[in-house]
Amino acid sequence: MTMTQKYLSPRIMGILNVTPDSFSDGGQYNKPEQAIKRALVMIGQGADIIDIGGESTRPGAKAVSAQEQLDRVIPVIHGLRTTTLSKDITISVDTTNLEVAKTALEAGASWLNDISAGDDARVKGVDAEPMLSLASQHNCPIVLMHRQGQSSTMQDAPHYDDVCAEVSEYLQSRSQSALDAGVTKNNIILDPGIGFGKLLNHNLSLMAGLESLVELGYPVLLGTSRKRFLGEITGLDDPKDRTVATCATTALGVKAGVNIFRVHDVLENKQAMDIAWQIKMSG
């Protein structure tokens, strides 16, 4: 079964941040037993993929060493694989670090989620794409995301002449790099990077233009969950109060052809996704 066939109907990716400083749930799942329990809850609510991250990528976040990321994520992956979940559950690792990605795959992860689209792991001065090569070697899906700047500075002064065109052009370029590295087309997933080096108007333009990204021919992942731009629109300062707003973007994403929704609130977003999907299919 190819990725395109598998994701003909949309899927939910549950966010599992094992970090002290993520923007809406930092510190809640620092211990492996807490993280595993949370993963089980999300799976019970309908998550198809669990995305485990050991480094916060919120605006202003500082980089975390590979060893610290490994100390956070590997016990959780081991725990899920060896004591709780069958091989059928997809575990994704959210990292830009090559060592973390490699070790996570060896521990039982089966997807890579790279917010730098492979750029951060590139070997300086060498014509090489090691993160993309790793995905090729393991024949595993890799999420390639658009981000303007680094997490610590990306929201300082983001600028675009045409955000939809520039994001699409970048993701097409990185997709070609992945293909050149040996990643199969069906294993390449595109993410417009909502909120990553983008202001409110940029995020809204990308949401309105999702269909153009879908038309590139790759599975598309959308990550809007609880994000700041939703708070700017609703006036809700607490990210945890933005579940309904997130569900609205999920429904719109289904209509546009998005395949994967990366969310904190699995139950609510799965309901929005399933209803939107049934409506879309009935048409």
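Residues numbered from 1 in each chain as written. Predicted model: local features only at pLDDT ≥ 70, side-chain atom pairs only at ≥ 80, totals over all residues. Heavy atoms only, no water.

Student: In this structure, what is going on with unusual backbone geometry? I would like to understand it.
Tutor: Among all residues save glycine, negative phi is the norm, and among peptide bonds the norm is trans. The phi dihedral of Ala117 falls on the positive side, at around 55°, and the residue is not glycine. Relative to the helices and strands, Ala117 is located in the loop between strand 4 (111-114) and helix 5 (130-138). Even without being a glycine, Arg226 presents a positive backbone phi close to 60°. Here Arg226 falls in the buried class, since its relative accessible area comes to 9%. (Helix = DSSP H or I, 4+ residues; strand = E, 2+ residues; numbered from the N terminus. Buried < 20%, exposed > 50% of the residue type's maximum accessible area, 1.4 Å probe, protein only.)

Student: What am I meant to see in the sheet that holds strand 6 (residues 188-191) here?
Tutor: As a general point, the strands of a sheet are linked pairwise by backbone hydrogen bonds and lie either parallel or antiparallel. Judged by pairing direction, the sheet is parallel, and its 8 strands sit side by side in the order 6-5-4-3-2-1-8-7 without closing on themselves. Of all the strands in the sheet, just strand 6 and strand 7 (221-222) have a single pairing partner and so form its edges. Taken together, the 3 bridges between strand 3 (residues 90-94) and strand 4 define a ladder with parallel strand orientation. Bridge pairing in strand 4 links Val93 to Leu112. (Pairing = 2+ DSSP bridges.)

Student: Would you explain the confidence of the model for the protein chain in this entry?
Tutor: Caution applies to low-pLDDT parts of the model: their predicted coordinates are not meant to be read in detail. When pLDDT is averaged along the protein chain, the result is 89; 86% of the residues meet or exceed 70. pLDDT under 50 marks residues 1-6. Its contacts with residues more than four places away, or in other chains, come to 10 contacts. (pLDDT = per-residue confidence, 0-100. Contact = heavy atoms within 4.5 Å.)

Student: Hey, could you run me through helix 4 (residues 98-107) in this one?
Tutor: For an α-helix the count is 3.6 residues per turn, leaving residues at separations of three or four pointing the same way. Taken as a whole, helix 4 has its buried residues at Val100, Ala101, Ala104, Leu105 and Ala107. Mapping the buried residues of helix 4 onto a view down its axis gives an arc of 160°, with all of them on the same face. Capping the start of helix 4 is the job of one residue whose side-chain oxygen sits 2.9 Å from the backbone nitrogen of Glu99: Asn97. (Arc of directions from axis to C-beta. Polar contact = N/O pair within 3.5 Å; in protein donor to acceptor, adjacent residues only side chain to side chain.)

Student: Can you walk me through the nonpolar core in this structure?
Tutor: For soluble globular proteins, the rule of thumb is that nonpolar side chains tend to be buried together. Core analysis: the largest hydrophobic core is formed by 62 residues, its most contacted members being Leu16, Ile52, Val76, Ile77, Leu112, Ile142 and Phe261. Ranked by residues supplied to this core, first place goes to helix 3 (residues 66-84) with 7 residues. When near neighbours in sequence (up to four residues on either side) are disregarded, Ile52 contacts Leu16, Val18, Val73, Val76, Ile77, Leu80, Ile91, Ser92, Val93 and Asp94. If you look at the next biggest cluster of nonpolar residues, it comprises 7 residues, including Ile49, Trp111, Val143 and Ile260. (Core = buried A, V, L, I, M, F, W, Y, C linked by side-chain atoms within 4.5 Å.)

Student: When you look at the pairing of strand 3 in this model, what are you seeing that I'm missing?
Tutor: Consecutive side chains of a regular strand alternate in pointing toward one face of the sheet and then the other. Across the 5 residues of strand 3, 5 count as buried, placing the element largely inside the fold. Residues Thr90, Ser92 and Asp94 point to one face of strand 3 and Ile91 and Val93 to the other, with burial holding for every one of them. By the bridge criterion, 5 bridges tie strand 2 (residues 49-53) to strand 3 in an arrangement that is parallel. Bridge pairing in strand 3 links Ile49 to Thr90. At this point the chain moves from strand 3, through helix 4, to the parallel strand 4, and the crossover so formed is right-handed. (Right-handed = clockwise from strand over helix to strand, strands pointing away.)

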